[in-house]
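Structural features, examined
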Amino acid sequence: MHIVHLALQGCLRGSDIEYGITADTGGHIRYLLELVEASEQDPAIERITLVTRAFASEFSRVDYTCPVEVISPKINLVRLPTTCANYLPKEDLWQELPSFIAAFEEWLASLPKPPDVLHAHYADAGEVAAEIGARHAIPFVFTAHSLGRCKLKCLATGQPSLDTQTQQTLQRRIAFEERAIRDATLIIASSRDEAEVQYADYLHYDTGRIRVIPPGSHLDDFTGASSTPAIEAMMQPFLTDPSKPVLLAIARPVTRKNLAALVSAYGQSKALQQRANLVIVAGVREHIDALEPELADNLHEILTLIDDYNLYGHVAYPKHHSPEDIPALYAWARERCGIFINPALNEPFGLTLLEASAAGLPLIATDSGGPSDIIEQCNNGVLINPRHNDEIIRQALDLLQNSERWQRMADNGQEAVKCYDWQRHTQCYHDLLARLIQPTLGPAQPKALLICDIDNTLTGSPDGIRAFIQWYETQPTLGFGVATGRSFHSALSILEQAGIPAPLVIISSVGSEIYYRNPNGVTYQQDAEWSARIDRRWQQEALEQALRDMPELTPQGSLEQRRHKLSYFSDGDPTLIARIQAHLKKRGLAGTVIQSHSRYVDILPVEASKGQAVEHVRKRLHIDSQSLYVAGDSGNDLDMLRSVPCSIAVANHCDGLLDGPEVAHVYTARAHHALGVIEGVQHFQRRQKMGGSA
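Model, not experiment: these values are computed from the prediction.

**Description of the overall build of the chain**
Each helix and strand counted, the chain has 27 helices and 26 strands in total. A compact globule built from 694 residues should have a C-alpha radius of gyration of about 26 Å, and the chain, at 27 Å, falls within 12% of that. Counting only C-alpha atoms, the chain reaches 85 × 65 × 50 Å along its principal axes. Burial statistics for the chain: of 694 residues in total, 59% are counted as buried. Each charge class in the chain was averaged separately, 62 positive and 84 negative side chains, and the resulting centres sit 5 Å apart.

**Quick notes on the sheet that holds strand β7 (residues 186-189)**
Two strands in a sheet stick together by hydrogen bonds in their backbones, pointing the same way (parallel) or opposite ways (antiparallel). Within the open sheet, the eight strands sit side by side as β3-β4-β2-β1-β5-β6-β7-β8. Their pairing is mixed. Across the chains shown, the open sheet's two edge strands, defined by having one partner strand only, are β3 (68-70) and β8 (210-212). On average, each strand axis in the sheet is inclined to that of its neighbour by 20°, with strand direction left out of account. Strand contacts of helix α2 (residues 97-109): β1 (2-6), β2 (47-53), β4 (75-80) and β5 (117-121), with the helix running at about 150° to β2, the strand carrying the most contacts.

**Thoughts on the pairing of strand β25 (residues 646-649)**
Taking every second residue as pointing to the same face, both faces of β25 are buried, with C646 and I648 on one and S647 and A649 on the other. When strand β24 (residues 628-632) meets β25, the two strands line up parallel, connected through four bridges. Considered in β25, the bridge of V630 is made with S647. Crossover connection from β24 via helix α26 (residues 638-643) to parallel β25: handedness right-handed. Pairing geometry for β25 and strand β26 (residues 667-668), over two bridges, is parallel. Across the sheet, A649 pairs through a bridge with T668, a residue of β26.

**Details of the packing of α2 against helix α3 (residues 123-136)**
In the contact formed by α2 and α3, the axes pass within 11 Å of each other and the chain directions differ by 50°. Viewed along their axes, α2 and α3 adopt a mutual orientation that is oblique. Where α2 crosses over α3, the handedness of that crossing is right-handed. Touching L97, F100, I101, F104, E105 and L108 of α2 are D124, E127, V128, E131, I132, R135 and H136, all from α3. For the contact of α2 with α3, a count of residues per class yields seven nonpolar, one polar and five charged.

**A closer look at helix α18 (residues 422-437)**
Relative to the 22 Å expected for 16 residues at 1.5 Å per residue, α18 spans 22 Å between its end C-alpha atoms, a close match to the ideal helical length. Looking at α18, one finds that the buried residues are W422, H425, T426, C428, Y429, H430, L432, L433 and L436. Backbone nitrogen of Q423 and a side-chain oxygen of the N-cap are separated by 3.1 Å at the start of α18; the cap is D421.

**Observations regarding the sheet that holds strand β15 (residues 448-452)**
Taken together, the eight strands give an open sheet; going across it, the order is β19-β18-β17-β16-β15-β24-β25-β26, and neighbouring strands pair in mixed fashion. What marks the edges here is a single partner per strand, and that holds for β19 (524-526) and β26. Of the strand pairs in this sheet, strand β16 (residues 478-483) and strand β17 (residues 505-508) are connected by three bridges, and their pairing is parallel. Each residue of the ladder has a partner; that of V482, found in β17, is I506. Sitting on the sheet, helix α25 (residues 610-620) touches β15, β16, β17, β18 (513-517) and β24, and the angle it makes with β18 is about 35°. Running over the sheet, helix α27 (residues 673-689) touches β15, β24, β25 and β26 and is turned about 150° from β25.

**As for the packing of helix α15 (residues 389-401) against helix α16 (residues 403-412)**
The interhelical angle for the contact between α15 and α16, taken along N-to-C directions, is 95°, at an axis separation of 5 Å. Considered as vectors, α15 and α16 are oriented roughly perpendicular to each other. Within the contact between the two elements, α15 uses Q395, D398, L399 and Q401 and α16 uses S403, R405, W406 and M409. Residues of the contact of α15 with α16, tallied by class, amount to three nonpolar, three polar and two charged.

**Topic: the nonpolar core**
By size, the foremost hydrophobic cluster in this structure holds 76 residues, and its most contacted members are M235, L247, L248, V279, Y330 and F340. Counting residues in each nonpolar core, the second largest holds 48 residues, with L88, L118, V212 and L345 among its members.

**Remarks on the side chain of Q556**
Residue placement: Q556 occurs in the loop between β20 (554-555) and β21 (566-569). Polar contacts involving the side chain of Q556 include one to the main-chain carbonyl oxygen of Y568, which spans 3.0 Å.

**Digging into the side chain of S609**
Counting through the fold element by element, S609 comes out in the loop between β23 (600-604) and α25. Excluding its chain neighbours within four sequence positions, the residues that come into contact with S609 are V510, G511, L604 and D639.

**Description of the environment of K257**
Within the secondary structure layout, K257 lies in the loop between β9 (246-250) and α9 (259-268). Separated by 85 residues in the primary sequence, K257 and N342 have C-alpha atoms spaced 7.7 Å apart. Those residues in contact with K257, other than ones at most four positions away along the chain, are A251, R252, P343, A344 and E347.

**What to know about the packing of aromatic side chains**
Scanning all chains against the criterion turns up 19 aromatic pairs. Plain terms: the ring middles of Y199 and Y202 are 6.5 Å apart, the flat faces sit at 50° to each other, and that makes the pair tilted. Like Y202, Y199 is buried. Measuring from centroid to centroid gives 6.3 Å for Y667 and F684, while their planes differ by 70°, and the two rings are edge-to-face.

**Focus: the pairing of strand β22 (residues 592-596)**
Within β22, four of the five residues are buried, leaving the element largely enclosed by the surrounding structure. As defined by bridge partners, β22 adjoins β23 across five bridges and the pair is classed as antiparallel. Bridge assignment links S596 to a residue of β23, and that residue is Y600. In this antiparallel pair of consecutive strands, β22 and β23, the connection spans three residues, and H597 shows a positive phi of 50°.

**Description of unusual backbone geometry**
Look at D16: it is not a glycine, yet its phi comes out positive at around 50°. Tracing the sequence through the fold places D16 in the loop between β1 and α1 (27-39). Although it is not a glycine, Y122 adopts a positive phi angle of roughly 80°. Secondary-structure assignment places Y122 in the loop between β5 and α3. Given a relative accessible area of 10%, Y122 falls into the buried group.

**A few points about helix α13 (residues 351-359)**
With nine of its nine residues buried, α13 lies for the most part within the structure. L351, T352, L353, L354, E355, A356, S357, A358 and A359 are the residues of α13 that are buried. Downstream of α13 by one or two residues, G360 has phi in the positive range, about 100°.

**Here's the deal with the pattern of salt bridges**
Within this structure, the stated rule accounts for 43 salt bridges. One salt bridge connects E69 with R79, and the closest N-O pair in it is separated by 2.8 Å. Here the residue E69 occupies a position in strand β3, and R79 occupies one in strand β4, the gap between them amounting to 10 residues. E662 is the partner of R642 in a salt bridge, and the nearest nitrogen-oxygen pair spans 3.8 Å. Remark: E662 occurs in the loop between β25 and β26 and R642 occurs in helix α26; sequence separation between them is 20 residues. Among the residues examined, R642 registers a relative accessible area of 39% and is labelled partly exposed. Here E662 falls in the partly exposed class, since its relative accessible area comes to 35%.

What counts, and at which threshold
Residues numbered from 1 in each chain as written. Predicted model: local features only at pLDDT ≥ 70, side-chain atom pairs only at ≥ 80, totals over all residues. Heavy atoms only, no water. Helix = DSSP H or I, 4+ residues; strand = E, 2+ residues; numbered from the N terminus. Rg over C-alpha atoms; globule rule 2.2 N^0.38 Å. Buried < 20%, exposed > 50% of the residue type's maximum accessible area, 1.4 Å probe, protein only. Lys, Arg positive; Asp, Glu negative; His and termini not counted. Charge placed at Lys NZ, Arg CZ, Asp CG, Glu CD. Pairing = 2+ DSSP bridges. Axes fitted to C-alpha atoms, helices over the stretch in contact; angles between N-to-C directions. Contact = heavy atoms within 4.5 Å. Right-handed = clockwise from strand over helix to strand, strands pointing away. Parallel < 35°, antiparallel > 145°, perpendicular 65-115°, else oblique. Left-handed = near helix turned anticlockwise from the far one by under 90°. Nonpolar A, V, L, I, M, F, W, Y, C, P; charged D, E, K, R; others polar. Expected span 1.5 Å × (residues − 1). Polar contact = N/O pair within 3.5 Å; in protein donor to acceptor, adjacent residues only side chain to side chain. Core = buried A, V, L, I, M, F, W, Y, C linked by side-chain atoms within 4.5 Å. Phe/Tyr/Trp six-rings, centres within 6.5 Å; stacked < 30°, edge-to-face > 60°. Salt bridge = Lys/Arg side-chain N within 4 Å of Asp/Glu carboxyl O.

In structure tokens:
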């Protein structure tokens, strides 16, 4: 397989990247280089080519005009000339796209055969890939890294108006993104927030063509890191008491990183200044005014705030550091029981969060973007609204004052090393590409269908999962689907992590969304008929408003709120469902109320539930009612279990699942988790062979 990566932004080279030298030379370049380094380890990958733009640099001695840079025996970096010979920031690259496309086509023509797939990084490369893909019928994958509509929202919040040039620049970028989203064969996102919230703002948003594959990271240098004399010397000119705990931030000084807000929060809290120092590592610089305007403006703002709040002796902002200093910086902060803080307005993923976690630092991070996934996965920090300085202050003080909590989060951060691995990333990535390049024929119409809940039904036992995978391979006429409270992307992610085959159908968000696997075996198509059906009588805003009057309900995070689902935490009161229903009825509202695992409450449209969604799928796939098997373990599976004749409750079920007479027909497995699913299906298969006798 020959993969061509298109990346036009920043200063790209094979090694010794000059991170922070321009506003566009940041984490996406590291992501790209580590991705291709991991990719080349796979024998199925024959060749990888990075294609970027050639330019003359006034701010670096590095030659960025070299036509071909050999990175390794499998990897080449190709630089193509365009009309303008000088470096351009991303905002001005659009003028060069016609000449870049012409140069790219000329380079393509020189190849013995076309590449198997194009992978475009950022909006401008997405525009190039869409055009080349259309002209030459080459499939292309799109990774946005960050999105224009998200940036527009961030900049517009709190500002009366944006200047005309900024608006035009962002609208042009958004137009490129719209085309890339429309035409890409597959879109790769780094987090659920990106896949389910950020992309959802686009006209051509298609959930089923987006796959979440968290980036890997080389974290070995951080897990065993220790402080060095160089770090002590770096801090010495700034800090009166360098032995105090430290709040550490490492980011380019671009507006989106919101570093000025962190300085403001620190300056507003005398208690925080007494407890900890603040260290901001914001790239490498000589003279501030020699930097790009955005970088210079943000650094001037940071220095002005330090002066206004008189933070001298409490804040360090070194001008220089080497790549080798970064692990030692984390270790220096850890040795002082510090905290790593990412206050960005939006963080598409957050590689520095993984580095800090591996080094043993708890996290305080923005609730917008990838940090939500990292902290949920590792339970090693807290999320904050980056626009609320009081949240930054409160969470920082709490962690600094609670040594037991600090230690627990520091220890949990080691999970990052296991969860965010490049080998796991590339295995999934290459599998998707292989299936896109050579699509397999769609599965034969199944004669029977198994639909399982995921958490604690299918998952919960690694041995059970392995047995399920092996058993399912022996069931050629049995279709496999899931019905889960998770979102579509969350469901796919947990299944992929467990190695469970891609389901034929995914009923997600407690039955409020249905997706069918496309013939290519990679992408999914949402059931628009089902969405339209349950939308009738659904008054989402009115329901949300009415439920604010119930203090026993606490809304779950924004990622758990869906177009046809409102999700809450509760105190587990068994009378809660009846009280919610009465509360809604009194206000002339209707909805399906589901409580599970005691503390979770979901409000759905009247016609939406796992049971009704399963019946809709059964009819669409023409499955006989006696050939449909469902399995679950908790309260949000109840509707599905009581409505399907061949229902299975795994042995580890909860929520008094089998207490009512309406579930008397349910087969109660002796085995737990996936082994119980297998046991239940085999029970019904034997009964059917015997002509229906028990």
